[in-house]
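Coordinate inspection notes
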Amino acid sequence: MIALVNIKNSRTNLEHDQKKESEIASNRKVIHLRVYRKNPKQGKSSHFDKFEVPVQRWTTVLDALLHAKGYLDNSIAIRYSCRMASCGSCGMKINGIPRLACYTKVSEIDENIITCEPLPNFPIIRDLVTDFSDFFEHHRAMEPFIHNPNADIVDKNSLTEFIQSPKDVERYLQSSYCIKCGLCYSACPSVGTDTKFPGPQALAQAYRYFADNRDDATQSRLDIVDTKHGIWRCHFAGSCSVVCPKGVDPALGIQLLRGHLVSFSKNDKKLAESRTRSLGKI
Amino acid sequence: MKSFKEDKIYWDSNRRENREGLKAWLNPSRYGWERISYWLQRLTGVFLLIYFVGHVIETSSLVDGKDAWNAMLELTQTTWGHLFLILVIGTSTFHSANGIRLLFTETGRGLGKPGRPDYPYSPVSLNYRQKSGIWIALILAATAMLYGANILFAGE
Ligand code: HEM
Ligand code: SF4
Ligand code: FES
C-alpha cells in the first residue's frame, strides 16, 4: 500500500516536472555571444568567437559566458568571483558599454547578439581579463585611509572616540560604496588619453576621505589632486556616474572637491583637525 | 615605499595599451546628454578657436587699405560665407550658454548633495537641472541661428 502511494506520488511529481520543463523550454531562447579573444603571450592578433547560448529571463551575461566556458570552449578567460556585484572583478564592455557581467541580465540588453570585450583603458592580460595595476596605483596615490594621529592604534589608551552624526556620514557614505570595478575609469574620456590622470574612481576616493570629518589631512589631500594631470583634467562628461553600478556618483565628488579647491565651498571645521590642533600635533 | 610617480612599472609603455584614445573624445553616443555636452563644448570651442584666428586675419587686412578690407568682407556676403557666419552664431551661443552652466557645476554648484544611494541608483550630479541647462543652451543656439539666417538670407 505504502509503495503504491509512493509510486503514485512520484508519478505526479514526474508529470509536474515534465510540465515545468516544457514551460521552461518555451521560455528559453538562444542568444549569440560574441567574445573577444586575445592571448598576447602567444602573440596572436585578436578576434571574436561566436557561441550560441541558451538563456532564460534571469540569465546574466556572466551566466552566459560561464555556459560557453563550461560547455563550448573552456579556454575563454574571464575574471569573476562574487556573482553579485560586490567584488568588482567581472567588469567588461558589453555591447559597447562598461558593465558588470554578473549585474547585467541578458534580457536587459534586448539584442540577440551580445558582444563582450575587455574593459577599455585597461591593458589586456587575456581575452576578457584586464590588468588593474595602474588603476590600483592611482587609487593608492590618494592615500585611501584616515589620516589622524589621534586614531593611531599604536597606543590604545590614548585612543579618542569620534562620534559622527548621520549627516556627517552622508557626506562621504556613497563614495565609500566603491567596489573598484573600474567601470568609471573605462568610461572616462580623459582617462582614454591621459595615463597620469587619476580617473574618476581615485578622485572619488580623494573626495571620500576629504569629506570625512575624522580625517585631518585636508590640505595634503587637496595637494595630491591639484596637479597638472590631476583633478582639473575632468571635464564633467559624467559618464563615470552613468556606468557606476554602486551609485557612487564619482562626477559629484570630483566637482564638490573642485569647489573646495577654488575656495567656493567652505569646509566645515573638521572635528579631527581641531582635535589634532588642540593636542599640538599640527 | 616608492612613491607612485617614481614607480617604474607605471611608466611602462604597455600602460597605454587598450586606451580608448581620441575615440573617447570623438564619439559622444553611449553615455547620455552630459557626454554630448562635453563633446559639443569641445567641438564648438575648437571651432571658435579656428574662427578667432580667421577673424584676426580678416580684421588685420584693414592695415592693407580699404580695398583689401572690402575684398575680405565680400567673402562673408556669399552663400557659404552666410552659412559659416550662422555656424559661428550657433556655436558661440551654445558654447557661452553651456560654458556658464559648466562654470557653476565644475565648481560644485547646482549638483545636489551626496546622500544614501538607493537602488536603482540615479546619480544626483546628472540631475534634471543639468540636463535642462544643456537643452536650453541647444535651444538658444538654434534660435540664434534661425534669427541670424533670417537676417543674413532675407537681407539679400
Ligand atoms: C562667454 C565665453 C566663454 C565661456 C563662458 C567659455 C567657457 C568654457 C568652458 C566652461 C569650457 C569647458 C571646460 C571643460 O570642459 O572643463 C570651455 C571649453 C573650451 N573653450 Fe570656451 N568659453 C568661452 C569662449 C571661448 C572662446 C571665444 C573660445 C575660442 C577662442 C573658446 C575655446 C574653448 C575650447 C577650445 C574649449 C575646449 C576645451 C575643453 O574641452 O576642455 N571658448 N569653454
Ligand atoms: S566609482 Fe563606481 S564604477 Fe568606479 S570603480 Fe567604484 S564602484 Fe566601480
Ligand atoms: S562577479 Fe563580483 S562583481 Fe561581478
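This one's a predicted model, so the numbers in the text were calculated from it and none came from an experiment.

1. A closer look at the sheet that holds strand β2 (residues 47–55) of chain A
Residues and elements named next belong to chain A. With respect to topology, five strands assemble into an open sheet ordered β2-β1-β5-β3-β4, the strand pairing being mixed. Here the strands that pair on one side only, and so sit at the sheet edges, are β2 and β4 (97–100). Going from strand to strand, the sheet's axes swing by 35° on average, the running direction of each strand aside. Sheet topology note: the strand β1 (residues 29–37)/β2 ladder contains nine bridges and is antiparallel. Across the sheet, the residue bridging to V30 is P54, located in β2. Of the strands in this sheet, β1, β2, β3 (91–94) and β5 (113–117) touch helix α2 (residues 61–72), which is tilted by about 105° from β2.

2. Details of the domain arrangement of chain A
All names here are of chain A. With domains assigned, chain A is organised as domain 1 (2–130) and domain 2 (133–275). Facing 15 residues of domain 1, the contacting portion of domain 2 comprises 15 residues. Of the roughly 1000 Å² buried at the junction of domain 1 and domain 2 (both faces included), carbon and sulfur atoms supply 63%. On the domain 1 side of the interface with domain 2, the three residues burying the most area are P98, N121 and F122, jointly 46% of the side's total. Between the two partners, domain 1 and domain 2, sit zero salt bridges. Elements with a contribution of two residues or more to the side of domain 1 that touches domain 2: β3 and β4. With four residues, the top contributor of residues to the side of domain 1 that touches domain 2 is β4.

3. Re the state of the cysteines
Counted under the stated rule, the structure contains zero disulfides over all chains. In this structure C234 of chain A is not part of a disulfide, and its nearest cysteine sulfur, from C240 of chain A, lies 6.7 Å away.

4. Some thoughts on the packing of helix α3 (residues 33–60) of chain B against helix α6 (residues 128–154) of chain B
Residue and element names in this part refer to chain B. Two numbers describe how α3 lies on α6: the axes approach to 10 Å, and their chain directions differ by 45°. Put simply, α3 runs oblique to α6. Two packed elements cross with a definite hand, and for α3 against α6 that hand is left-handed. Two secondary-structure elements touch here, α3 through W33, E34, S37 and L40 and α6 through K131, I134, W135 and L138. Partitioning the contact of α3 with α6 into residue classes produces five nonpolar, one polar and two charged.

5. Here's the deal with the layout of surface pockets
Considered as a void within the structure, the largest pocket measures approximately 580 Å³ in volume. In terms of lining residues, the largest pocket is bounded by 28 residues, among which V242, V243, C244 and P245 of chain A together with Y121 of chain B are the most central. Going through the elements one at a time, β4 and α10 (239–243) of chain A are the ones with two or more residues in the lining of the largest pocket. Per-element tally for the lining of the largest pocket: the top contributor is β4 of chain A, with four residues. Its residues placed into classes, the lining of the largest pocket shows 16 nonpolar, six polar and six charged. Counting contributing residues, the lining of the largest pocket receives three or more from each of domain 1 (2–130) and domain 2 (133–275) of chain A.

About the cut-offs
- Residues numbered from 1 in each chain as written.
- Chains lettered and ligands numbered in written order.
- Predicted model: local features only at pLDDT ≥ 70, side-chain atom pairs only at ≥ 80, totals over all residues.
- Heavy atoms only, no water.
- Pairing = 2+ DSSP bridges.
- Helix = DSSP H or I, 4+ residues; strand = E, 2+ residues; numbered from the N terminus.
- Axes fitted to C-alpha atoms, helices over the stretch in contact; angles between N-to-C directions.
- Contact = heavy atoms within 4.5 Å.
- Domains from an automatic or database assignment.
- Buried area = accessible area lost by both parts, 1.4 Å probe.
- Salt bridge = Lys/Arg side-chain N within 4 Å of Asp/Glu carboxyl O.
- Disulfide = S-S within 2.5 Å.
- Parallel < 35°, antiparallel > 145°, perpendicular 65-115°, else oblique.
- Left-handed = near helix turned anticlockwise from the far one by under 90°.
- Nonpolar A, V, L, I, M, F, W, Y, C, P; charged D, E, K, R; others polar.
- 1 Å grid on protein atoms, 1.4 Å probe; cavity = no way out; pocket = protein on both sides within 12 Å on 5 of 7 lines; lining within 4 Å.
- Points joined across faces, edges and corners; volume = space filled by probe spheres on them.

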